[in-house]
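Observations on the three-dimensional arrangement
Below are the chains, spelled out letter by letter.
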Amino acid sequence: MSARITGRTRLAGIIGWPVEQSLSPVMHNAAYQAMDLDWAYVPLPVADETDLIRVVGAIRVLPFVGFNVTMPYKQVMLELCDEAAMLATMAGAVNTVHCVDGRLIGYNTDGRGLVDSLAAEVGYEPQGTTVVIVGAGGAAGSALVSLVLGKAERVVLLNRTRENAEMLAERIRPHARETVIDVAMLGEDSAGEVREADLVINATPLGMGPTDQSPVPAEWLGAGQIVADMIYRAQPTPLVTAARSAGAKAVDGLGMLVAQGAIAMEIWGDEECGRAPRDIMRQAAEDAISARADSERGEGS
Ligand code: NAP
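Being a predicted model, the structure only gives us computed values, none of them experimental. Note on numbering: residues in each chain are counted from 1, in written sequence order. Confidence filtering applies because this is a predicted model: local features only for residues at pLDDT of at least 70, side-chain atom pairs given and counted only at 80 or more, and all residues used for totals across whole chains, interfaces and linings. Side-chain descriptors were evaluated using all non-hydrogen atoms of the structure, hydrogens and water having been removed beforehand.

1. Let's talk about unusual backbone geometry
Test applied: Going along the chain from the N terminus, every DSSP run of H or I of four or more residues is numbered as a helix, and every run of E of two or more is numbered as a strand.
The amide bond that connects tryptophan 17 to the next residue, proline 18, takes the cis arrangement and shows omega of -5 degrees. Mapped onto the elements of the fold, proline 18 is located in the loop between strand S1 (10-16) and helix H1 (24-34). A cis amide bond, omega 5 degrees, links methionine 71 with the succeeding residue proline 72. Relative to the assigned elements, proline 72 resides in the loop between strand S3 (66-69) and helix H3 (74-80). With a phi angle near 55 degrees, aspartate 36 is a residue other than glycine that sits in the positive phi range. Structurally, aspartate 36 can be placed in the loop between H1 and strand S2 (39-45).

Structure follows, in structure tokens:
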């Protein structure tokens, strides 16, 4: 169902490249409709940083409530905002911008989206837990910040490139009074770290490709653990499959996607819009994923 557009419609959208596959437009527009908000959410494909600066300049003078930012602009958007929330500054990336009287205020809702969705789906609370994050890019950074704020006891960054994990750890350690942050290379030696973790997170793109393997094998996982993949797709991801076969509780990245979008909407709406309808947003995203999978199967047959 398309959004209702009037002379007073306020705008929201997602800036990135590419954005064609983004589920945010269906998820947000379903929520606006359910809440009877006169808002419309549109994809905003932006090819390079020169265009990004132009588009952000235009947004300042248009009736935007706010916008989301995805790859590859989450880091540079931090520089383009007039102010940024502490969480975005710590994560070094902005995925949500609130437009207030021509000023742009940057937030990062990815990490909180992950932790909120884990609380809702599997009852996870970070305090006192040991966590392994596979990956050390932007999404790993925002997860790490939320785990530090949630007082996790220890977080281990397992990454293909050790230096990238070291850089992330060094940036966050000064803010992490109650959390030990360690770094290791992802490889055969990672089994011990993964086995000891209460929560294992995949923050790499491994699992998006049709032939991708799980970033950690099922033998390293077991009952009593929670496994969170940031990836989502129509079928269970390789990590979710491995985790379930090992008896762990596993969730894919759809809950995180819904929660980060819901939190963004709540920031844009201030008090006026209240709590975003996560169930409606999730249903819209699931319907879009199934429709996409059906159409891909149709094309393949
Ligand atoms: P990013 O900044 O590009 O970081 C990617 C990370 O994955 C890096 O640590 C990289 O390691 C690692 N990596 C890439 N390919 C790999 C491979 N073949 N084997 C092992 N490690 C590999 O990306 P990001 O923004 O953090 O996003 C990471 C993933 O999270 C993406 O797939 C994204 O779609 C997903 N995500 C989901 C949500 C959600 O709402 N569910 C939100 C944000 C992101 P190196 O340092 O060695 O390059």
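2. Overview of the packing of aromatic side chains
Convention followed: Here is the rule: rings of Phe, Tyr and Trp (six-membered ring for Trp) pair when centre to centre is within 6.5 Å. Planes less than 30 degrees apart are stacked, more than 60 are edge-to-face, and the remainder are tilted. Summary of the burial criterion: residues with accessible area below 20% of their type's maximum are buried, those above 50% are exposed, and those between are partly exposed, where the area comes from a 1.4 Å probe applied to protein chains only.
In the structure shown here, the tally under the stated rule is two aromatic pairs. Here the aromatic rings of tyrosine 32 and tryptophan 39 are separated by 5.2 Å at their centres, their planes lie at 75 degrees, and the arrangement is edge-to-face. Among the residues examined, tyrosine 32 registers a relative accessible area of 1% and is labelled buried. Here tyrosine 41 and tryptophan 268 contribute two aromatic rings whose centre-to-centre distance is 6.4 Å and whose plane-to-plane angle is 35 degrees, an arrangement assigned as tilted. Of this pair, tyrosine 41 sits in strand S2 while tryptophan 268 sits in helix H10 (residues 254-269), and the two are 227 residues apart along the sequence. Tryptophan 268 shares its class with tyrosine 41; the two are buried.

3. So, the pattern of salt bridges
Threshold: By salt bridge we mean one thing: a side-chain nitrogen of Lys or Arg within 4 Å of a carboxyl oxygen of Asp or Glu.
Throughout the structure, instances matching the rule amount to 12 salt bridges. Aspartate 82 is the salt-bridge partner of arginine 60, the closest N and O atoms lying 2.8 Å from each other. Of this pair, arginine 60 sits in helix H2 (residues 49-61) while aspartate 82 is found in the loop between H3 and strand S4 (83-84), placing the two residues 22 residues apart along the sequence. Residue arginine 60 is classed as partly exposed on the basis of its relative accessible area of 29%. Here lysine 74 ties to aspartate 110 by a salt bridge, and the two come within 2.8 Å at their closest N and O atoms. Residue lysine 74 is found in helix H3, and its partner aspartate 110 is found in helix H5 (residues 110-122); the two are separated by 36 residues along the sequence. No difference in accessibility class separates lysine 74 from aspartate 110, as the two residues are buried. Linked through salt bridges whose partners overlap, the residues forming this network are Glu121, Arg282 and Glu286.

4. Details of the sheet that holds strand S7 (residues 130-134)
Let me state the cut-off plainly: Two strands make a pair as long as DSSP finds a minimum of two bridges between them. Lines fitted to C-alpha atoms define the axes here, with helix axes fitted over just the stretch in contact, and angles between the N-to-C directions of these axes take values from 0 to 180 degrees. By the convention used here, residues are in contact when the closest approach between their heavy atoms is within 4.5 Å.
Across the sheet, which stays open at both edges, the six strands sit in the order S9-S8-S7-S10-S11-S12 with parallel pairing between neighbours. Every interior strand has two partners, whereas the edge strands, strand S9 (180-185) and strand S12 (249-251), have only one. Within this sheet the neighbouring strands show an average axis-to-axis angle of 15 degrees, counted without direction. Here strand S10 (residues 199-202) pairs with strand S11 (residues 226-229) via four bridges, running parallel. Among the inter-strand pairings, asparagine 202 is bridged to a residue of S11, identified as aspartate 229. Across the sheet, helix H7 (residues 162-172) touches strand S8 (154-159) and S9, and the angle it forms with S9 is around 175 degrees. Each of S10, S11 and S12 is contacted by helix H9 (residues 238-245), which is oriented at about 170 degrees to S11, the strand it contacts most.

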